[in-house]
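Coordinate inspection notes
Listed here are the chains, written in short residue letters.
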Amino acid sequence: MMRFPKVLIVGGLSAWLMTFPVSAAAQAPAAEYAPELVTLLKEQTGKLSGDLRHIQREIAALRADLEKPGFRDIFSGIGYIFGLFGVAAFVASRRKE
């Protein structure tokens with residue numbers, strides 16, 4: 001028995017399913033539900049817009065917080081400076097000898 005690749009089977013099945021007509025109920029919503037759907041969508045859009053603005057404000061505040069140097073940045077900078085002075089002192093002491 002010959003085995004068909006899965007791609008051919010799936011492709012043939014999807015082509016066969018595409019030949020069936022779409023029902024009238026799936027093509028367009030009923031006319032009596034249209035105003036209710038529009039008002040519901042407008043309410044949800046307004047709520048989502050408000051939530052999105054709130055999230056954008058929080059992200060902006062977090063970014064502003066991240067731009068400020070923290071304790072780790074400050075102490076690492078001080079350590080870097082001490083390290084440079086240590087290297088300079090070492091080089092100066094080696095030159096004297």
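Everything quoted here is computed from the prediction, not taken from an experiment.

Attention now goes to the overall build of the chain. Broken down by element type, the chain carries four helices and zero strands. Counting from the amino terminus, helix and strand elements in the chain follow one another as α-α-α-α. The burial tally for the chain puts 0% of its 97 residues in the buried class. Carbon and sulfur atoms provide 69% of the accessible area of the chain, an area that totals close to 9,700 Å².

Residues with a pLDDT of 70 or more make up 81% of the chain, whose mean pLDDT is 81. Per-residue pLDDT, averaged within each element of the chain, yields its smallest value for helix α2 (residues 24-27) (52) and its largest for helix α4 (residues 71-96) (92).

There is a patch of nonpolar side chains on the surface, built from F71, I74, F75, I78 and F82 and spanning about 610 Å² of accessible area. For F75, the position within the fold is in helix α4. The exposure class assigned to F75 is exposed, which follows from its relative accessible area of 59%.

What counts, and where the lines are drawn
Residues numbered from 1 in each chain as written. Predicted model: local features only at pLDDT ≥ 70, side-chain atom pairs only at ≥ 80, totals over all residues. Heavy atoms only, no water. Helix = DSSP H or I, 4+ residues; strand = E, 2+ residues; numbered from the N terminus. Buried < 20%, exposed > 50% of the residue type's maximum accessible area, 1.4 Å probe, protein only. Areas by Shrake-Rupley, 256 points an atom, 1.4 Å probe, with all protein chains shown as cover. pLDDT = per-residue confidence, 0-100. Patch = residues over 30% accessible without salt bridge, like charges linked within 9 Å, V, L, I, M, F, W, Y side chains within 5 Å. Salt bridge = Lys/Arg side-chain N within 4 Å of Asp/Glu carboxyl O.

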